[in-house]
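Residue-level structure breakdown
Now for the letters of each chain:
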Amino acid sequence: MTTPRRLRALLLATPLAVAAITACAPAEEKEPVVTDAATATDCVADVDLTAPGVLTVATDSPAYDPWFTQNDPTNGEGYESAVAYAVADKLGFSADQVAWKTVRFNASFAPGEKDFDFDINQISITEDRRKAVDFSTGYYSAAQAVIALADSPVASATTVAELADYNLGAQTGTTSLTAIRDIIKPANDPSVFQDTNAAKQALMNGQVDAILADLPTAFYITAVEIPKGQIIGQFQPETGEQEEFGLLLEKGSALTPCVDLALDELRADGTLAELEKTWLSDTVNVPELQ
């Protein structure tokens, strides 16, 4: 299979998205943890981890390109796998001290104790989710993309309003699904899929006219997995401000300020920008849906 590294000229270093919190009572509010540590490594010294001496990182399965490659978070390839190992390094953990755990997307931001130190899975930072979990500062800015087959009538759409006339779908629990319901507001209820694979299959089978996903994922889908598919356009959800992905942690986690420090260091030394360029690539012109 072609890898995202070979798709650098296709993929875009802009937006993606994901979504709504499950309907459960919010976790008890805790005071935010603060730290006066000079570095991320200093910060983590006094933190109780899920497993002593090991950084436990969670993501979903399957782990999709271009965020991971070959459905293997442990290989350090793909943007989020690379970011996770870069954060671990800043915290003072070698690659063999990182343990991966499978956690379903919707379960990650449900209230309650977590059996991981942080989760990295294209999880958009939202105020609803903050009621139940902690987020790091953003490590990637995201936008929504609309994917349809090239011969679909949706292909002529130039505005978000026009999309309301079509049958749309997205993965459950994502901001893509929220964007369909709250922004596009289609005449027909959107189709909800357990994962991106099911959404892609429904599009190819003609069960939906278009599906929504984050822009880098949309580029990979149309370049590799559905060659007859095309990206109709992109738009920013909600207020038009850039949506951001963050590392997700247990509410009130003492590790939260440490991963913030790690991301600050990775941002300052250019690592995040370099990883984004390597795995998500350079800017490509994608129409903005008005």
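Starting from 1, residues in each chain are numbered consecutively following that chain's sequence as written. Confidence filtering applies because this is a predicted model: local features only for residues at pLDDT of at least 70, side-chain atom pairs given and counted only at 80 or more, and all residues used for totals across whole chains, interfaces and linings. Values reported for side chains reflect all heavy atoms of the structure, with hydrogen atoms and water molecules removed beforehand.

A closer look at the overall build of the chain
This is how it is decided: Only DSSP runs of H or I covering at least 4 residues are called helices, and only runs of E covering at least 2 are called strands; the numbering of each starts at the N terminus. Burial classification: accessible surface area is computed with a 1.4 Å probe over protein chains only, and a residue below 20% of its type maximum counts as buried, one above 50% as exposed, and the rest as partly exposed. In what follows, a contact means two residues having at least one pair of non-hydrogen atoms within 4.5 Å. Shrake-Rupley sampling with a 1.4 Å probe provides the accessible areas, and residues are treated as covered by the protein chains on show and by no other component.
In terms of helices and strands, the chain carries nine helices and 10 strands. Among the 290 residues that make up the chain, the fraction classed as buried is 53%. Nonlocal contacts in the chain, meaning residues at least 24 apart in sequence, comprise 78% of its contacts between residues at least 6 apart. Carbon and sulfur atoms make up 47% of the accessible area of the chain, which amounts to about 12600 Å² in all.

A closer look at unusual backbone geometry
Look at the link from Ser61 to Pro62: it is a cis peptide, with omega at 5°. For Pro62, the position within the fold is in the loop between strand 1 (55-59) and helix 2 (79-91). For the bond from Asp65 to Pro66, the omega torsion is 0°, close enough to zero to count as cis. For Pro66, the location among the structural elements is in the loop between strand 1 and helix 2. Notably, Gln122 is not glycine yet its phi reads approximately 50°, a positive angle. Examined against the element boundaries, Gln122 turns out to sit in the loop between strand 3 (118-119) and helix 4 (127-130). Residue Gln122 is classed as buried on the basis of its relative accessible area of 10%.

Some remarks on the packing of aromatic side chains
This is how it is decided: Any two rings among Phe, Tyr and Trp, with Trp reduced to its six-membered ring, count as a pair given centres within 6.5 Å; such a pair is stacked if its planes are under 30 degrees apart, edge-to-face if over 60, and tilted if neither. Geometrically, a lysine NZ or arginine CZ counts as sitting over a ring once it is within 6 Å of the ring centre and also within 35 degrees of the ring normal.
Scanning all chains against the criterion turns up 10 aromatic pairs. Consider the rings of Phe68 and Trp100, whose centres lie 6.1 Å apart with planes at 85°: the pair is edge-to-face. Of this pair, Phe68 sits in the loop between strand 1 and helix 2 while Trp100 sits in strand 2 (residues 98-102), and the two are 32 residues apart along the sequence. Both residues of the pair, Phe68 and Trp100, belong to the buried class. One aromatic cluster is present, built from ring pairs that chain together Trp67, Tyr79, Tyr139, Tyr140 and Phe245. The ring of Phe109 carries Arg129 above its face, with NZ or CZ at 4.1 Å from the centroid.

Let's talk about the state of the cysteines
Quick note on the threshold: Any two cysteine sulfur atoms within 2.5 Å of one another count as a disulfide.
Evaluation of the coordinates by the stated rule reveals one disulfide. In this model Cys43 forms its disulfide with Cys258; the gap between the sulfur atoms is 2.0 Å. What sets the handedness of the Cys43 and Cys258 disulfide is the S-S torsion sign, and at about -75° it is left-handed. You can see Cys43 sitting in helix 1 (residues 40-44) and its partner Cys258 sitting in helix 8 (residues 256-268), a full 215 residues away along the chain. The class of Cys43 is buried, set by a relative accessible area of 9%.

A short note on helix 9 (residues 271-279)
The condition that has to hold: Directions are taken from the helix axis to each C-beta atom, and the arc is the one they span.
Those residues of helix 9 that fall on the buried side of the exposure criterion are Leu272, Leu275, Glu276, Thr278 and Trp279. Viewed end-on, helix 9 has its buried residues packed into an arc of 165°, placing them on one side of the element. Its buried side turned inward, helix 9 meets helix 2, strand 4 (133-142) and helix 8.

Some points on the pairing of strand 9 (residues 229-235)
Each regular strand carries side chains that alternate between the two faces of the sheet. What counts is decided by this rule: DSSP-based pairing: two strands are paired if at least 2 bridges between them are found.
Where burial is concerned, most of strand 9 is hidden: six out of the seven residues are buried. Summarising the sheet, strand 5 (residues 144-149) and strand 9 pair through six bridges and their orientation is antiparallel. Across the sheet, residue Ile147 finds its bridge partner in strand 9, namely Ile231.

Describing the nonpolar core
Basically, it comes down to this: Joining through side-chain atoms within 4.5 Å is the link that ties buried Ala, Val, Leu, Ile, Met, Phe, Trp, Tyr and Cys residues into a set, and such a set is a nonpolar core.
In this structure, Tyr79, Val87, Leu91, Phe118, Ile120 and Leu255 are the most contacted members of the largest nonpolar core, which totals 41 residues. Mapped by element, the contributors of at least two residues to this core are helix 1, strand 1, helix 2, strand 2, strand 4, strand 10 (243-250), helix 8 and helix 9. With residues up to four places along the chain from it excluded, the contact list for Val87 reads Phe118, Leu247, Val259, Ala262, Leu263 and Leu266. Ranked by size, the runner-up nonpolar core spans 19 residues in total, among them Val146, Val154, Tyr166 and Leu212.

Any link to function would need more than the numbers given here.
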